[in-house]
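Understanding the architecture of this molecule
Now for the letters of each chain:
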Amino acid sequence: MGSSVQELVKSDGLGGGVKDVYGEDFATEDQSITPWTVSVASGYSLLRDLRHNKGLAFSDKERETHYLSGLLPPAIATQELQERKLMNNLRSYEVPLQRYIAMMDLQERNERLFYKLLIDNVEELLPVVYTPTVGEACQKYGGIYRRPQGLFISLKEKGKILEVLKNWPERNIQVIVVTDGERILGLGDLGCQGMGIPVGKLSLYTALGGVRPSACLPITIDVGTNNEKLLNDEFYIGLKQKRATGQEYADFLQEFMSAVKQNYGERILVQFEDFANHNAFELLEKYRTTHLVFNDDIQGTASVVLAGLIASLKLLGGSLADHTFLFLGAGEAGTGIAELIALEMSKKTNSPIEETRKKIWLVDSKGLVVSSRIESLQQFKKPWAHEHKPVKTLLEAVQAIKPTVLIGTSGVGKTFTKEVVETLASINEKPLILALSNPTSQSECTAEEAYTWTKGTAIFASGSPFVPVEFEGKVYVPGQANNAYIFPGFGLGLIMCGAIRVHDDLLLAASEALAEQVTDEHYAKGLIYPPFTNIRKISANIAAKVAAKAYELGLASRLPQPSDLVKYAESSMYSPVYRTYR
């Protein structure tokens, strides 16, 4: 058996996901700590230090000791009172983007209060700091940009990327989320303004997965943009040139990946985010054997969807292999999900993956992916080209394939039409519809449409949130197949066991762990995902399952293995509660 959690925390300094230089993690929440920056923060500099600022929550003693007297109004507020006040302010804003800007301002001046707010009000604030609002924030990022929240690495820095990484003030980085901004959600090429995505993802790593904020680094790789509107926008904050491609792009990414490993070591987790299809697959394939890399669009989406499918079997009956899957969209999300479903079926039935793939069909912009099209298909679509006569439309594909599960990853809204959904409902007693494209405007259909057109028989989940729907006197609660269920817990699991590579079996372990969190009470409401209110408990269970599988496969470097991985995960999580300063 491994050491106790306490012993491990002391020996490896994991607490909250970063080495504990100043003893913050050894102290319990009611013990006093010293607010170190480069020196002891005090006076005006303490109020400007986002990590240690508490606003009006400084006690009289702290104000006197740290030279704050007169710099604050005399009232003293608890963190809970500050939280209530801020939630009232946020709720008074009618425009979601105003809430986003207010949350980003809070993150930049009082980090602990930001995360306390997000953790305690996760279902309300998740759509504000992440999809769908983050999409609009990225579109307008040049106009709302205030101060750097991550690193911008542009072609100007070619040959100097290692030096640029050293400019970031934190040294003990454990998670990098990086984008090149070419395919932001369903919104296309937003270039340098895609920075909103890494920033949003990493705030969820902390709030939902408990990884310490100082261990997280958002990065945007700026190789130009092909978006004419941005190139002609005087407020655009990125390189005003067409995108670099081919060898120039590959060499730049190679330099970046080498510099990351050189600067942060073997165990740094690099999460690729919102790269265009062709680059996403190539980067994952190229670096998965040499680096600890994870593509959330391909692997995270796949894992969360597989979890929903495993959970839905309680409502649908049978095993995964008894079902037929039809995808609209054959890009990185669609093929990534399809591959993970096929892998899970293969493991459960002991059948070759080539066989289990035949239960899964894909429709792209040219129609059903079939073997007669094999010569013209991109490499990643070829495994899904099955024997069938050509079919042009999604409706015809539903009629021909007769799927039990319809999954949308097309990035195009309103594509699950009334005819398509009604046809699916006529074939199945309980059709499972997953409209996964983000943001809400790009969803293949709405929850209301799915429930109305199927006369309430559908099991429905979407990528962006929808409100509950009332149909013929019954309230239906749509599920949200949000990657935020998976990647924070998945990342924490990799960090806490010191994983050196990501194996597909780790993704399967994460899916199964999430599916296990769905209770009979949730099933009664038609839910195939648990509510976000318990997300930290869910993340701890996912982290434990992922770490256990990494130890089993020999991919974990942090030894010995803790005896209770769930407790270890929970003890590792960052707490946003204010600390007392001595």
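One can find the structure itself at the top, above this paragraph.
Described in the following lines is the structure provided in the data block. (Residues numbered from 1 in each chain as written. Predicted model: local features only at pLDDT ≥ 70, side-chain atom pairs only at ≥ 80, totals over all residues. Heavy atoms only, no water.)

Let us now look at the overall build of the protein. For the protein, the helix and strand inventory stands at 25 helices and 16 strands. Its C-alpha atoms give the protein a radius of gyration of 24 Å, within 12% of the compact-globule value 25 Å for 582 residues. Here the C-alpha coordinates of the protein stretch approximately 80 × 55 × 55 Å along the principal axes. Within the protein, residue pairs in contact and separated by at least 24 positions form 72% of the contacts whose partners lie at least 6 positions apart. Approximately 23,400 Å² of the protein is accessible, and the part contributed by carbon and sulfur atoms is 51%. Side chains of the protein carry 61 positive and 68 negative charges; the gap between the two charge centres is 2 Å. (Helix = DSSP H or I, 4+ residues; strand = E, 2+ residues; numbered from the N terminus. Rg over C-alpha atoms; globule rule 2.2 N^0.38 Å. Contact = heavy atoms within 4.5 Å. Areas by Shrake-Rupley, 256 points an atom, 1.4 Å probe, with all protein chains shown as cover. Lys, Arg positive; Asp, Glu negative; His and termini not counted. Charge placed at Lys NZ, Arg CZ, Asp CG, Glu CD.)

Take the packing of aromatic side chains next. This structure, assessed with the given rule, holds 14 aromatic pairs. With a centroid separation of 6.3 Å and an interplanar angle of 50 degrees, the aromatic rings of Tyr 141 and Tyr 145 are classed as tilted. Residue class for Tyr 141 comes out buried when judged on its relative accessible area of 4%. For the pair Phe 272 and Phe 275, a centre-to-centre distance of 5.6 Å together with 85 degrees between the ring planes defines the contact as edge-to-face. Summarising the burial analysis for this pair, Phe 272 and Phe 275 share the class buried. One aromatic cluster in this structure is built from Tyr 451, Phe 460, Phe 466 and Tyr 476. The residue whose ring lies beneath Lys 54 is Tyr 581, and the NZ or CZ to ring-centre distance is 4.6 Å. Between Arg 357 and the ring centre of Trp 384, over which it is positioned, the NZ or CZ distance is 5.7 Å. (Phe/Tyr/Trp six-rings, centres within 6.5 Å; stacked < 30°, edge-to-face > 60°. Buried < 20%, exposed > 50% of the residue type's maximum accessible area, 1.4 Å probe, protein only. Lys NZ or Arg CZ within 6 Å of the ring centre and 35° of its normal.)

If you walk through the whole model with that rule in mind, you get zero disulfides. No disulfide involves Cys 138; its sulfur sits 11 Å from the nearest other cysteine sulfur, which is in Cys 192. (Disulfide = S-S within 2.5 Å.)

Turning our attention to unusual backbone geometry. Pro 439 follows Asn 438 through a cis peptide bond whose omega is -10 degrees. Residue placement: Pro 439 occurs in the loop between β11 (432-435) and α20 (447-453). That bond from Leu 559 to Pro 560 is cis: its omega, -5 degrees, falls within 30 degrees of zero. On the secondary structure map, Pro 560 appears in the loop between α24 (535-553) and α25 (565-572).

The subject of this paragraph is the packing of helix α5 (residues 96-109) against helix α7 (residues 122-129). When two helices pack together, you describe them by how their axes are tilted relative to each other and by the distance separating the axes. At a minimum axis separation of 9 Å, α5 and α7 run at an interaxial angle of 95 degrees. With respect to α7, the axis of α5 lies roughly perpendicular. Here Pro 96, Arg 99, Tyr 100, Met 103 and Met 104 of α5 lie close against α7, whose contacting residues are Leu 125, Val 128 and Val 129. Residue composition of the contact of α5 with α7, by class: seven nonpolar, no polar and one charged. (Axes fitted to C-alpha atoms, helices over the stretch in contact; angles between N-to-C directions. Parallel < 35°, antiparallel > 145°, perpendicular 65-115°, else oblique. Nonpolar A, V, L, I, M, F, W, Y, C, P; charged D, E, K, R; others polar.)

Right, let's talk about the environment of Pro 352 for a bit. Looking at the secondary structure, you find Pro 352 in the loop between α16 (332-349) and α17 (353-356). Its relative accessible area of 48% is what places Pro 352 among the partly exposed residues.

Time to look at the packing of helix α18 (residues 394-401) against helix α19 (residues 418-427). The contact between α18 and α19 brings their axes to 9 Å, and the two run at 5 degrees. What the angle tells us is that α18 and α19 run roughly parallel. Packed against α18, whose contacting residues are Leu 394, Leu 395, Val 398 and Gln 399, the element α19 presents Glu 419, Val 420, Thr 423, Leu 424 and Ile 427 at the interface. For the contact of α18 with α19, a count of residues per class yields six nonpolar, two polar and one charged.

Taken as a whole, this structure holds 31 salt bridges when the rule is applied. Of the charged contacts, one joins Glu 62 and Lys 54 as a salt bridge, the two residues approaching to 2.9 Å between their closest N and O atoms. Exposure remark for Glu 62: the relative accessible area of 3% places this residue in the buried category. Residue Lys 54 is classed as buried on the basis of its relative accessible area, which comes to 3%. Between Arg 146 and Asp 105 there is a salt bridge; the shortest N-O distance is 3.3 Å. (Salt bridge = Lys/Arg side-chain N within 4 Å of Asp/Glu carboxyl O.)

Here we come to the side chain of Asn 295. Among the structural elements, Asn 295 can be located in strand β6 (residues 292-295). Not counting residues up to four positions away in its chain, the partners in contact with Asn 295 are Phe 272, Ala 280, Leu 284, Gly 300 and Glu 332.

Turning our attention to the pairing of β6. The two faces of the sheet receive side chains in turn, since in a regular strand these alternate between them. Residues Leu 292 and Phe 294 line one face of β6 and the alternating positions Val 293 and Asn 295 line the opposite face, and both faces are buried. Alignment of strand β5 (residues 269-272) against β6, held across four bridges, turns out to be parallel. Within β6, the position partnered with Gln 271 by the bridge is Phe 294. For the segment spanning β5, helix α14 (residues 277-287) and β6, crossover handedness is right-handed. (Pairing = 2+ DSSP bridges. Right-handed = clockwise from strand over helix to strand, strands pointing away.)

Ordered in space as β9-β8-β7-β10-β11-β12-β15, the seven strands form an open sheet in which the pairing is mixed. Looking at the sheet topology across the chains shown, the edges are occupied by β9 (367-368) and β15 (479-480). Where strand β12 (residues 459-462) meets β15, two bridges bridge the pair, whose relative direction is parallel. The residue bridging Ala 461 from the neighbouring strand is Gly 479, located in β15. In this fold helix α15 (residues 296-316) packs onto β7 (325-328), β10 (405-408), β11 and β12, with an angle of close to 160 degrees to the strand it touches most, β11.

Let's shift gears to the nonpolar core. Ile 341, Ile 360 and Phe 490 are the most contacted members of the largest nonpolar core, which has 121 residues in total. With ten residues, the top contributor of residues to this core is α24. In contact with Ile 341, not counting residues within four places along its chain, are Leu 306, Leu 309, Phe 325, Phe 327, Ile 360 and Ile 407. Grouped together as the second largest cluster of nonpolar side chains are 36 residues, Leu 151, Ile 153, Val 164 and Phe 256 included. (Core = buried A, V, L, I, M, F, W, Y, C linked by side-chain atoms within 4.5 Å.)

A few words on the environment of Leu 71. Tracing the backbone through its elements, the reader meets Leu 71 in the loop between α3 (60-65) and α4 (79-92). Once the C-alpha coordinates of Leu 71 and Leu 47 are considered, the two residues, 24 residues apart in sequence, prove to be 8.7 Å apart. Leave out the neighbours within four places in its chain, and Leu 71 touches Gly 43, Tyr 44 and Leu 47.

Bringing the sheet that holds β6 into the picture now. The five strands are arranged β2-β4-β3-β5-β6 in an open sheet whose pairing can be described as parallel. Two strands in the sheet have a free side with no partner beyond their single neighbour: β2 (151-154) and β6. Within the sheet, the average angular offset between the axes of one strand and its neighbour, ignoring direction, is 25 degrees. Across four bridges, the pairing between strand β3 (residues 175-179) and β5 is parallel. The residue of β5 that forms the bridge with Val 178 is Phe 272. Helix α13 (residues 246-264) rests against β2, β3, β4 (216-222), β5 and β6 of the sheet, and its axis sits at about 160 degrees to β4.

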